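Residue-level structure breakdown
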Amino acid sequence: MALKFVSYMSSQSRVMSKKSIEEFLFQVREKNKLLTITGVLLLIQGKFVQYIEGPEEEITDVYESISNDHRHTDMILLDSGDLEERQFKDWSMAYKEVSDKQVKGIIGDEELNLEDIFLNSKDHDYHPVLKVLYDFVKTLSS
Ligand SMILES: Cc1cc2nc3c(=O)[nH]c(=O)nc-3n(C[C@H](O)[C@H](O)[C@H](O)COP(=O)(O)O)c2cc1C
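Thresholds applied
Residues numbered from 1 in each chain as written. Predicted model: local features only at pLDDT ≥ 70, side-chain atom pairs only at ≥ 80, totals over all residues. Heavy atoms only, no water. Helix = DSSP H or I, 4+ residues; strand = E, 2+ residues; numbered from the N terminus. Buried < 20%, exposed > 50% of the residue type's maximum accessible area, 1.4 Å probe, protein only. Contact = heavy atoms within 4.5 Å. Expected span 1.5 Å × (residues − 1). Arc of directions from axis to C-beta. Pairing = 2+ DSSP bridges. Axes fitted to C-alpha atoms, helices over the stretch in contact; angles between N-to-C directions. Near = heavy atom within 4 Å. Polar contact = N/O pair within 3.5 Å; in protein donor to acceptor, adjacent residues only side chain to side chain. Areas by Shrake-Rupley, 256 points an atom, 1.4 Å probe, with all protein chains shown as cover. Nonpolar A, V, L, I, M, F, W, Y, C, P; charged D, E, K, R; others polar.

It is worth spelling out the environment of Gln12 at this point. Along the chain, Gln12 turns up in strand 1 (residues 3-12). Judged by relative accessible area, Gln12 falls into the buried class, the value being 14%. In this structure the C-alpha to C-alpha distance between Gln12 and Ile44, which are 32 residues apart in sequence, comes to 9.8 Å. The residues contacting Gln12, other than those within four sequence positions of it, are Leu43, Gly46, Phe48, Arg71 and His72.

What follows is the structure, encoded as structure tokens:
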């Protein structure tokens, strides 16, 4: 079975309450479990950054659903492709809201311009959002 991944960023349409985020994550995780989709969703300064991985057809279908979801706008596809093995096999959708303070700790600046980082970055060896992800993983395992 071919495995595929997709990552994108988008802007949250409106601030969601803690309760609506919990309900949203519950639904997303239940559906992902059924479809064997795994991944990570970050919320950083009003922007979602999501990475999903799973069987090719399911990823294509869910990405289509996500694209039509009014809870966010201005989706920008960051990367997609084939996978040999899953990166986040235990997570039906890990979620992390990254605070401004954490952004400063990671980037050294409170203003994180994700568009600049993703779309205009010439430095491919150092990717701040990957650092966010790795730091997040470390906090889970420590
Ligand atoms: C930022 C964001 C991330 C989402 N991630 C997923 C996801 O990983 N899996 C999923 O099934 N739905 C995800 N959704 C929800 C889908 O857009 C959609 O509401 C859901 O798949 C239900 O679609 P359906 O009613 O057509 O089954 C996400 C929505 C948003 C706004």
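Taking 1.5 Å as the rise per residue, helix 2 (residues 56-67) with 12 residues should run 16 Å; its terminal C-alpha atoms sit 16 Å apart, in good agreement. Three or more residues of helix 2 are buried, namely Ile59, Val62, Tyr63 and Ile66. For helix 2, the angular spread of buried residues about the axis comes to 105°, placing them on one side. When the buried face of helix 2 is taken as reference, the exposed residues oriented beyond 90 degrees from it are Glu57 and Glu64. Where the residues of helix 2 are buried, they touch strand 1, helix 1 (18-35), strand 3 (47-55) and strand 4 (72-83).

Working note: regular strand, side chains alternate between the two faces of the sheet. Summarising burial for strand 2 (residues 38-44): seven of the seven residues are buried, a large majority. Neither face of strand 2 is exposed, since Thr38, Val40, Leu42 and Ile44 on one face and Gly39, Leu41 and Leu43 on the opposite face are all buried. Note that strand 2 and strand 3 share seven bridges and pair antiparallel. Note on strand 3: the bridge partner recorded for Leu41 is Gln50. Remark: two residues form the turn of the hairpin made by strand 2 and strand 3, two consecutive strands paired antiparallel; Gln45 in that turn has positive phi of roughly 45°. Examined bridge by bridge, strand 2 and strand 5 (residues 94-98) share five bridges and lie parallel to one another. Directly across from Val40, in strand 5, lies its bridge partner Ala94.

Right, let's get into the sheet that holds strand 4. Spatially, 4-1-3-2-5 is the arrangement adopted by the five strands of the open sheet, whose pairing is mixed. Pairing within the sheet leaves two strands with one partner each, and these edge strands are strand 4 and strand 5. Sheet twist, expressed as the mean angle between neighbouring strand axes with direction ignored, is 15°. Both strand 1 and strand 4 contribute to a ladder of nine bridges, which runs antiparallel. Note on strand 4: the bridge partner recorded for Val6 is Ser80. Along the sheet, helix 1 makes contact with strand 2, strand 3 and strand 5, crossing strand 5 at roughly 150°.

What follows concerns the site of the ligand. With respect to spatial proximity, 15 residues lie near the ligand, and among them Lys31, Asn32, Gln50, Asp69 and Arg71 are the closest. At 3.4 Å from an oxygen atom of the ligand is found a main-chain nitrogen or oxygen belonging to Ser65. Within the side chain of Arg71, a nitrogen or oxygen atom sits 3.2 Å from an oxygen atom of the ligand. Coverage of the ligand by the protein amounts to 74% of the 620 Å² it exposes when considered alone. Those elements that place two or more of their residues in the shell around the ligand are helix 1, strand 3 and helix 2. A per-element tally of the shell around the ligand places helix 1 first, with four residues. Residue composition of the shell around the ligand, by class: eight nonpolar, four polar and three charged.

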